[in-house]
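Residue strings, one per chain:
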Amino acid sequence: MDRTFQATANFYRRFYIKLSAGFVVSDIFTKIMRSDTNGPNSNWWVLGCCGSKQFLVGVQNVHAIGQAVNYKTSATLQDNRWYCIETYEQLNTPGDANGVSRAWVDGIQVMDQSGIKYRQAGDNSLFYNNRMYRQTGSGYIWYDRVAVGNTRIGCSGTPPVEEPPPPAKPRSPTGVQVR
């Protein structure tokens, strides 16, 4: 799912996420969100490598850095529980290492990374899209209350309400003749 917005150098996002019971992260990582620019840069918010469910941001496709870099949060997600996740991303001044990436889980800051050089001098690309993923891994991921904005959105209110279980499957009628 894509959520496009007016091109900007910074933005906040908020979403609720729940992993199914027994969710298994792939042998690489499980992508959950991507921040796209109208240039060559993008960030991937993922669940960490090799079975770990640690929440982190992978700064990929960033030519100013020249390599992929993962910034870890202090949050590890558990199965079968709703979490409210908020992120903030700010592109650097082109050529300067002053970009920012922050994350909060259930209102508690779990990452504050600064000094990121997303853009080289002359690169004026801006964020314009938030993409949601459910890539690799085994099990289900549920999302709810996705929002993107230019100010912090917050996690007010209660987590999403669980859906009631579906009704029992109807039984075949007994004592009825079919002609």
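Our subject is the structure that appears above.
For clarity, every value in this text was computed on a predicted model and none was experimentally measured. (Residues numbered from 1 in each chain as written. Predicted model: local features only at pLDDT ≥ 70, side-chain atom pairs only at ≥ 80, totals over all residues. Heavy atoms only, no water.)

Asker: Hey, could you run me through the overall build of the protein in this one?
Answerer: Helix and strand counts for the protein stand at 0 helices and 11 strands. Element order for the protein, N to C, with α for helix and β for strand: β-β-β-β-β-β-β-β-β-β-β. Looking at the protein residue by residue over its 179 residues, the buried ones come to 43%. Across the protein, the fraction of contacts at a sequence separation of at least 24, relative to all contacts at a separation of at least 6, is 62%. Counting every atom, the protein has about 9700 Å² of accessible surface; 48% of that belongs to carbon and sulfur. (Helix = DSSP H or I, 4+ residues; strand = E, 2+ residues; numbered from the N terminus. Buried < 20%, exposed > 50% of the residue type's maximum accessible area, 1.4 Å probe, protein only. Contact = heavy atoms within 4.5 Å. Areas by Shrake-Rupley, 256 points an atom, 1.4 Å probe, with all protein chains shown as cover.)

Asker: What exactly am I supposed to notice about the nonpolar core here?
Answerer: A general trend in soluble globular proteins is that nonpolar side chains are found buried together. I17, W45 and I85 are the most contacted members of the largest nonpolar core, which totals 29 residues. Residue contributions to this core peak at 4 residues, all from strand β2 (residues 10-19). Among residues more than four places away in sequence, those in contact with I17 are I32, L77, R81, W82, Y83, I85, I141, W142 and Y143. (Core = buried A, V, L, I, M, F, W, Y, C linked by side-chain atoms within 4.5 Å.)

Asker: Even after reading the chapter, I still don't get the state of the cysteines, so can you show me in this structure?
Answerer: The term disulfide refers to a covalent linkage connecting the sulfur atoms of a pair of cysteines. As enumerated under the stated definition, the model contains 1 disulfide in all. Paired through a disulfide, C84 and C155 show a sulfur-sulfur distance of 1.8 Å. Its torsion about the S-S bond being -75°, the disulfide of C84 and C155 is classed as left-handed. Here C84, found in strand β7 (residues 82-90), pairs with C155, found in the segment after β11 (141-149); they are 71 residues apart in sequence, far enough to count as distant. (Disulfide = S-S within 2.5 Å.)

Asker: I keep staring at the pairing of strand β4 (residues 42-47) and nothing clicks. Help me out?
Answerer: Here is the key point about a regular strand: its side chains alternate between the two faces of the sheet. With 6 of 6 residues buried, β4 lies mostly within the body of the structure. Residues S42, W44 and V46 of β4 are buried on one face, and the alternating residues N43, W45 and L47, pointing to the opposite face, are buried as well. Inspection of the sheet shows strand β3 (residues 30-37) paired to β4 by 6 bridges, in the antiparallel sense. Residue pairing in the sheet places D36 in a bridge with S42 of β4. Hairpin connection between β3 and β4: a loop of 4 residues separates the two successive antiparallel strands. (Pairing = 2+ DSSP bridges.)

Asker: What am I meant to see in the side chain of K53 here?
Answerer: Note on placement: K53 falls in the loop between β4 and β5 (54-60). Judged by its relative accessible area of 15%, K53 falls in the buried class. A polar side-chain atom of K53 sits 2.8 Å from the main-chain carbonyl oxygen of F23. Setting aside residues up to four positions removed in sequence, K53 forms contacts with L19, F23, V25, L47, A75, T76, L77 and D79. (Polar contact = N/O pair within 3.5 Å; in protein donor to acceptor, adjacent residues only side chain to side chain.)

By themselves, these figures tell us nothing about what the structure is for.
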